[in-house]
Structure formats: C-alpha cells, structure tokens
Amino acid sequence: DAKDYTIDELWGMLSKSDSKSLLKKHLTKDVYEKYKNVKTSLGGTLADCIRSGSCNLDSGVGLYACDPEAYTTFKNLFDAVIKDYHKVSGLNHPKPNFGDINKLDFGDLDPKGEMIISTRVRVGRSHEGYSFPPSIKSSEDRKDMEKKTIEALNTLEGELKGKYYSLETMSKEDQKQLIDDHFLFKDDDRFLRDAGGYSFWPEGRGIFHNPSKTFLVWINEEDHLRFISMQQGGNLAEVYKRLVNAINQLEKKLTFAKKDGYGYLTFCPTNLGTTLRASVHIKVPKLAAANQLNDICAKFNLQPRGIHGEHTESEGGVYDISNKRRLGLSEIEAIEEMRKGVQAVIEAEKKLK
Ligand code: ADP
Ligand code: CIR
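Residues numbered from 1 in each chain as written. Chains lettered and ligands numbered in written order. Predicted model: local features only at pLDDT ≥ 70, side-chain atom pairs only at ≥ 80, totals over all residues.

1. Considerations on the overall build of the chain
At step 1: Secondary structure assignment for the chain yields 13 helices and ten strands.
At step 2: Taking 20 Å as the expected radius of gyration for a compact globule of 353 residues, we find that the chain reaches 20 Å, a close match to that expectation.
At step 3: Its C-alpha atoms give the chain principal-axis dimensions of about 60 × 45 × 40 Å.
At step 4: Within the chain, buried positions represent 46% of all 353 residues.
At step 5: In the chain, the proportion of contacts linking residues at least 24 apart, taken out of those at least 6 apart, comes to 72%. (Helix = DSSP H or I, 4+ residues; strand = E, 2+ residues; numbered from the N terminus. Rg over C-alpha atoms; globule rule 2.2 N^0.38 Å. Buried ≥ 20, exposed ≤ 12 C-beta atoms within 10 Å, placed from the backbone. Contact = placed C-beta atoms within 7 Å.)

Here it is in structure tokens:
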C-alpha cells in the first residue's frame, strides 16, 4: 500500500527511476534533504506530497499539496513545479476576471456541428479552513463540508436549481451510468488513490445537478468542490456564462481558500490559479492518424486527454482537448487561450486529406 512507504523509500523509488514527471525533475537531492523532516501545522509531510508521483512513475506531474499550507511549507518544490507546468516565470496570479459575460466576442466554436460533440468548463474550489485529503484525519470534516455545500447549492434558482445525490446511497448502476455519460467522477484513479484521495470513500462524496445535467457540482472528489457546466455541441459562450453565473451565486454563500499570487488553492498544483479547465470532445481522426495532435496542442498550450478524462484513451478519433495553463492568466484569458487553440485544431483537421 502506498501509505506504508517511508519518505526514504519514496525518495529511493523516485530518484532511481527514469520518471519523466515534473516531480522527478524538480525534487533534487538538496530540495529533498531540506524538506524530508519538515511538517505543516496540520501534520502534512513531504511524503504525503510525493507519494503519488513516487508510486506512479508515469505521472506527468506527480506532486499533490498535502494541505493548503504545503504551498508555503514546501515552497521551493511547489513553486518550481507550478512554474514549469503553467509556463510562468513568477507566482503573480492576477485577481479573478471572468470578462463581461454579456459581451463575449465568441459563441459556437463549431456552428455546423461537424466536429465538436460537447463542451465543458469546470473550476475547482476548496473550503477555507479545511485540509486536503492526506491531512484530513476525520470523516467529520468531509461530512461538514458536504453539509455546508448542500445548504449553499439549495439556494440556487432558475437554470441552476437542482438536487444532491450522495454516493453513499446511490446504486452501482446509477453510478456507472453517470460515469459512462461523462457526468460523474470515477473511483479508480491510481494517481488520486495514492495521493490519499479515496480515504473514507464514499463518505461525504456526491454530485449535485440540475435536471438537464448542464450544471453539476462534484463534492469531495479530488477537490472539495468542482463546479461544472456542460452541454452537447460547441457553444462555449453558453457553457461559460452558465458557469460564471453559478460561481458568482456561490461566492456569496461560501468562502473559498485563496493565496496571494497563487489564486484559488487546489489539491493538485496543476489546478491552481483560475482552476479552470475548458474542454471540447472533438473528432480529429486525421490529426491523430498523422501524429500531429500532440504537436499542435503543445503549440497552443492545449492538453489532449482521452474520452473518459485524464489518463484514458481516445475512441474513434475523439479527444478531450482543453487549456493546459490555469495560473498566471485570468479566467477569460484561459477561455480565450482554449478557444484560439481549438479553432486552430479545427482548421488543421480540415486541411488534412
Ligand atoms: P476534470 O474534472 O479534471 O476535468 P477528467 O479529465 O477526469 O477531470 O474529466 C472528468 C469527466 O468529464 C470525464 O468523464 C470526461 O470524459 C468528462 N468530460 C471532460 N470534458 C468533456 C466534454 N467536453 N464533453 C463531455 N464530457 C467531458
Ligand atoms: C499526474 O501527475 O499525472 C497526475 N497526478 C495528475 C496531474 C494533473 N493533471 C494534469 O496534467 N493537469
């Protein structure tokens, strides 16, 4: 079990490996020595932060924040990984800026419906004053967060109004259907498991959604909260507006963890800042067959994923393509970065015979 490894063992596994992760790249011997006996005030350790990346040498990143303090306590390591992933030279994340959602200068990215199957935008949020999974010691904390969140969600009205479904009472069949339809999170991600994300599973976990499943909230998956807006087709403007409305409503009811220069705090350093991932499920069989998808994605700061999310495979030439950077730019800039990239991908696919 990943939990049983000592810090020396984790370091040994990682340092002897040829892992390509950002963790391996930035956890030098000096950094390791500096932090191996250090703890956050919540009891979080370097071992908690590097366990996933040391046990999963195929990680892209490999590092998780044991608790919100990790970003300060293990600053040198986290800053190096964050700068590398988000391609920034310093930690100066701007204040939130969602743009004027009534004057967006884009709409549907695929008006004829030829290539984009669906569009989704999500953000992550953490409740201020609560830990991340490795340092959550009691099941009461998750129960507390669940209760707080449901109270806030129950005040939503109009299109955002919905119901909460606890994973503790949901049938296996319903769970599977929601996962297959891309609405619900899985419980078999070895990266998250080894980071401690599945402790006390399924306690305090669940999903809230409106009847049409265009607005959904994940409770106590990887992050305390994930707000999701999604729909069929390529209308990014509609999807984004719905999400921003929800965030604005919920900001009034809940207090989220933030840190100057880092933006909103999340369990995984790849999600810091805006925490925003805007994606399309898009058919690009020609780019994929020509082995050009990775290059064009890298050029436009996009990240390709498989059809069932991170660490899954594509099916029938359909990929999940999203903005890779979430920190060092505003929300509306992250959306623009994704939009420009997706448009370039569409043009490149159309050019190939
Ligand atoms: P994240 O919540 O970080 O975006 P994943 O990559 O695991 O995490 O994706 C979560 C789920 O959302 C998966 O089922 C994935 O297929 C689905 N998903 C992501 N983007 C889209 C999209 N544009 N359309 C439909 N489903 C999507
Ligand atoms: C990994 O390192 O591959 C996992 N811990 C997941 C990292 C988050 N993914 C990403 O690239 N945005």
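So that's the structure; there's more coming.
2. Quick notes on the nonpolar core
At step 1: Residues V217, L243, I282 and I321 are the most contacted members of the largest nonpolar core, which totals 45 residues.
At step 2: If one sorts the elements of this core by residue count, helix α10 (residues 236–251) sits on top with seven residues.
At step 3: Grouped together as the second largest cluster of nonpolar side chains are 35 residues, L14, C66, F78 and I82 included. (Core = buried A, V, L, I, M, F, W, Y, C linked by C-beta atoms within 7 Å.)

3. Some thoughts on the site of ligand 1
At step 1: Around ligand 1 lies a shell of 17 residues, among which S118, R120, H182, S279 and G309 are the nearest.
At step 2: Residue composition of the shell around ligand 1, grouped by class: three nonpolar, seven polar and seven charged. (Near = placed C-beta within 6 Å. Nonpolar A, V, L, I, M, F, W, Y, C, P; charged D, E, K, R; others polar.)

4. Some thoughts on the packing of helix α1 (residues 7–16) against helix α4 (residues 46–55)
At step 1: Interhelical geometry of α1 versus α4 gives an angle of 35° and a closest axis separation of 10 Å. In the packing of α1 onto α4, the handedness of the crossing is left-handed. Residue-level inspection shows I7, L10, M13 and L14 of α1 in contact with α4, the latter providing L46, A47, I50, R51, G53 and S54.
At step 2: Taken together, the residues of the contact of α1 with α4 break down into seven nonpolar, two polar and one charged. (Axes fitted to C-alpha atoms, helices over the stretch in contact; angles between N-to-C directions. Left-handed = near helix turned anticlockwise from the far one by under 90°.)

5. Here we look at the domain arrangement of the chain
At step 1: Taken domain by domain, the chain consists of domain 1 (2–86) and domain 2 (116–351).
At step 2: Taking the mean C-alpha position of each, domain 1 and domain 2 sit 24 Å from one another.
At step 3: The interface is formed by 23 residues belonging to domain 1 together with 24 residues belonging to domain 2.
At step 4: Sorting the residues of the side of domain 1 that touches domain 2 by element identifies α4 and α6 (75–86) as the ones contributing at least two each.
At step 5: When residues of the side of domain 1 that touches domain 2 are assigned to their parent elements, the largest contribution, five residues, is made by α6.
At step 6: Here the residues of the side of domain 1 that touches domain 2 sort into 14 nonpolar, six polar and three charged. (Domains from an automatic or database assignment.)

6. Section: the environment of E221
At step 1: Structurally, E221 can be placed in the loop between β4 (215–219) and β5 (225–232).
At step 2: Note on E221: 22 C-beta atoms within 10 Å, which makes it buried.
At step 3: As a C-alpha pair, E221 and S19 span 202 residues in sequence and 26 Å in three-dimensional space.
At step 4: In this structure, E221 is in contact with F185, R205 and R226, ignoring residues within four places of it in sequence.

7. With respect to the pairing of β4
At step 1: Among the five residues that make up β4, five are buried, leaving the element largely enclosed by the rest of the structure.
At step 2: Residues F215, V217 and I219 point to one face of β4 and L216 and W218 to the other, with burial holding for every one of them.
At step 3: Relative to β4, strand β3 (residues 206–209) runs antiparallel, the two sharing four bridges. Bridging across to β4, I207 finds its partner in W218.
At step 4: The hairpin turn running from β3 into β4, its antiparallel successor, is five residues long, and K213 in that turn takes a positive phi close to 55°.
At step 5: Pairing geometry for β4 and β5, over five bridges, is antiparallel. (Pairing = 2+ DSSP bridges.)

8. What about the sheet that holds β5?
At step 1: Pairing in this open sheet of eight strands is antiparallel, and the strands run β2-β3-β4-β5-β1-β8-β10-β9 from one edge to the other. Lying at the two open borders of the sheet, with one neighbouring strand each, are β2 (163–166) and β9 (302–305). Taking each pair of neighbouring strands and ignoring which way they run, the sheet shows an average axis angle of 20°.
At step 2: Pairing geometry for strand β1 (residues 116–125) and strand β8 (residues 277–283), over six bridges, is antiparallel. Following the sheet pairing, R122 is matched in β8 by R277.
At step 3: In the packing of α10 onto the sheet, contacts are made with β1, β4, β5 and β8, and the angle to β5 comes to roughly 150°.

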